[in-house]
Amino acid sequence: REVYMDFATNIKNNEQIRESLIGLKLQVQKEASIQNDTELKDKLIHLLNDEDPKVRKNSAVLLGHYPGTVDILLEAYKHEETDYVKDAYLKGMSMQDCRLYFRDLQMIQSHLMNLEDTTPKHVQAQLKILNPLILKNQIHKKKIIKLKHAPVDVILTSLPYYQFVLFADVLHLRYKPVSQGVLVRTDSIYDLLPIRTYKDMLIPLQGASGLDMSLETIMNGFERCNIEDIFDRLYDDHSVFYFRVVDAMREKKPQLIKKISEKLFELYPQKLLNATENYDIEIVIKEVQRGKVNAYLRLIHLNNPRFQYRREVSATSMQSYVAATMVQLAKPYMIEDAKVLDPFVGTGTLLIERCFAKSAHFIMGIDVYGQGIESARKNAKLAGQNIYFVHKDSLRFVNNEMFDEIITDMPTFAQMKDQEQLQNLYDRFFERIRRLVKPGGYVFLYTSEISLVRKNLRLQEGYLSLEEHYEVPRGKNMFYFFIIKVK
C-alpha cells in the first residue's frame, strides 16, 4: 500500500511520471485498487495529452480501471498519432462495459482489417484486443451450414485400426480408409452426425498436407489450400469467420501455433479473425508422422446430438465413441430383445451404447459405487433409455432369472492399485458367469488385464469359449475386447 501511495503521489506531483506510471500499473495488477482516487483519475486523463508516447500509453491502461471512462479513451484513441500507443486505449476500454460504443469499435476493426497492409505489429496488437472485445459485446450469430451443399471431403477419425467399423455407415458415399479413419465425400455434413463410431470430424485442407514443421512451410501450405472454397461450399454467410488454431502435435509447440494464428490473419484479413472464445471454426495443425503436419478444419459450431446424454463422467469413464465401436464389434452376436447385464456399470456409457445398437427386453446395471450409479441413472435418463440400476457388489448379487448377455468395462489395476484384490475379483467374476448367463449367451468384456482374462478362460474352458478378441490401442496403453460364448 505504501509503494502504491508513493507512485500515485509522484504522478500527482509531476515527479518521475514515466517510472511511476509503470510501477503503479504493476501494483494494480497485484490487485491494488485505484478506483476511489479521483484526483489520480483526473491526472491520468490530463496525461493522455502528454508529449511522451509511453506516458500516454501507460495512462490509458490505468484509466481502464475507472468505470465510465470509455468515451474519454475512445476520443483519445481517435486523436492518437503514434501507432504503437493505440492498443493501450483499446486495452483500457476492454476492462469496461463497451456496449454503448459497439459501433465505434466495429468501425475501428473494419478500418484495420481493410488496410492495404495488415502485417504491422501495431495492427495485430489492436485486433488482438478488439476481436474478443467485439465478440463479448454482441450476440454472435452462429454460422449455419447449408442442408445440401457442394461436395466436400470429410475425415471421420476412428480408433486406430478400426476404420472398418465405420464402413457400414458410409457405404452409400464415396469413401476410402485413411490412416486416421475414413475419408468420405458428402454433400450433406448433417447426414454424418448420427454415426456413433467416429471420434472427430475433420475437413482436410488440400495443399496443406505433408508439410514440414516450420512456419514458412506451413504458411506456404495455407497460401495454396482450399479454405475459402470450402467456406463457399458450406455457407451462404460470407461474413468474417472467427477462428482459433489447435495444437495437435506430439509435443506441443505454443510459439509456432501463436505465429500461425497471426500469419493466418495476415493471409486472410477479410475472412479470418482470431478469437479465444465464441469462434466458428478451429484450424487443427496435426502431426501425422514425425516432423510432418497436416492442416484441417473442425466445424465446432455443429450441434452434434450423438453423445449429449454423457453429462456425468469420471476419470475412468470410457469415451462414448470407443464404447460405440466396441458395441459394433459385438453386435453380430447380440440377441434381439435380450436381457442384458452390466455388472461394473460405472457411469453407464457402455451399457447405454448397447441399448442404442439393438433392442433389449430388460437392461440392468450394477455397481458397488453409489456415486457411479447415480451418474449412470442421470445419463440413462438423458439418453432416453429405460435401464434398471442397482447399487450393490455384483459378486454378491443374487439374480432370479438368467441373462442373455453381459457387457462390461472391467476394473483394471490402474483403478484398483491392488494386484491380489484385482485377481480375486476376476476369478470370482468368471466363476459367477455360469449363474448369470444362459447357455448360448455371450459375455462382452473390455479390459487391459489380458493375462487375468486368459487365465480364467483356461480355467473355465468347460463352459466358456472365446469367439473373438480385439486389441484396442488407447494412447500408450493396450486394451482388449473379448467376445465370449457361454456353452
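Above: the structure in question.
Presented here is an overview of the structure given in this document. (Residues numbered from 1 in each chain as written. Predicted model: local features only at pLDDT ≥ 70, side-chain atom pairs only at ≥ 80, totals over all residues. Heavy atoms only, no water.)

Quick word on the overall build of the protein
Counting its regular elements, the protein contains 18 helices and 16 strands. The C-alpha atoms of the protein give 30 Å as radius of gyration, which overshoots the globular expectation for 487 residues (23 Å, by more than 25%). Considering the protein as a whole, with its 487 residues, one finds that 52% of them fall into the buried category. Residue pairs in contact within the protein that sit at least 24 positions apart in sequence constitute 70% of those at least 6 positions apart. Carbon and sulfur atoms make up 48% of the accessible area of the protein, which totals about 24,300 Å². Distance from the positive charge centre (67 side chains) to the negative charge centre (63 side chains) of the protein: 5 Å. (Helix = DSSP H or I, 4+ residues; strand = E, 2+ residues; numbered from the N terminus. Rg over C-alpha atoms; globule rule 2.2 N^0.38 Å. Buried < 20%, exposed > 50% of the residue type's maximum accessible area, 1.4 Å probe, protein only. Contact = heavy atoms within 4.5 Å. Areas by Shrake-Rupley, 256 points an atom, 1.4 Å probe, with all protein chains shown as cover. Lys, Arg positive; Asp, Glu negative; His and termini not counted. Charge placed at Lys NZ, Arg CZ, Asp CG, Glu CD.)

Quick word on the environment of leucine 464
As for its placement among the helices and strands, leucine 464 is situated in strand β15 (residues 464–474). When the C-alpha atoms of leucine 464 and isoleucine 227 are compared, they prove to be 54 Å apart, with 237 residues separating the residues in sequence.

Here's the deal with helix α4 (residues 53–63)
Counting buried positions over the eleven residues of α4 gives eight, a clear majority of the element. Listing the buried residues of α4 in full gives Val55, Arg56, Asn58, Ser59, Ala60, Val61, Leu62 and Leu63. Put simply, aspartate 52 is the residue that caps the front of α4, since its side-chain oxygen is 3.0 Å from the backbone nitrogen of lysine 54. (Polar contact = N/O pair within 3.5 Å; in protein donor to acceptor, adjacent residues only side chain to side chain.)

A word on the pairing of strand β11 (residues 360–367)
As paired elements, strand β10 (residues 338–342) and β11 share five bridges and run parallel to each other. Across the sheet, residue alanine 338 finds its bridge partner in β11, namely alanine 360. Remark: the β10/helix α14 (residues 349–357)/β11 crossover connection has right-handed handedness. Sheet topology places β11 next to strand β12 (residues 388–391); four bridges connect them, and they run parallel. Pairing of aspartate 367 across the sheet is with histidine 391, part of β12. In the classification by handedness, the crossover that spans β11, the intervening helix α15 (residues 370–383) and the parallel β12 is right-handed. (Pairing = 2+ DSSP bridges. Right-handed = clockwise from strand over helix to strand, strands pointing away.)

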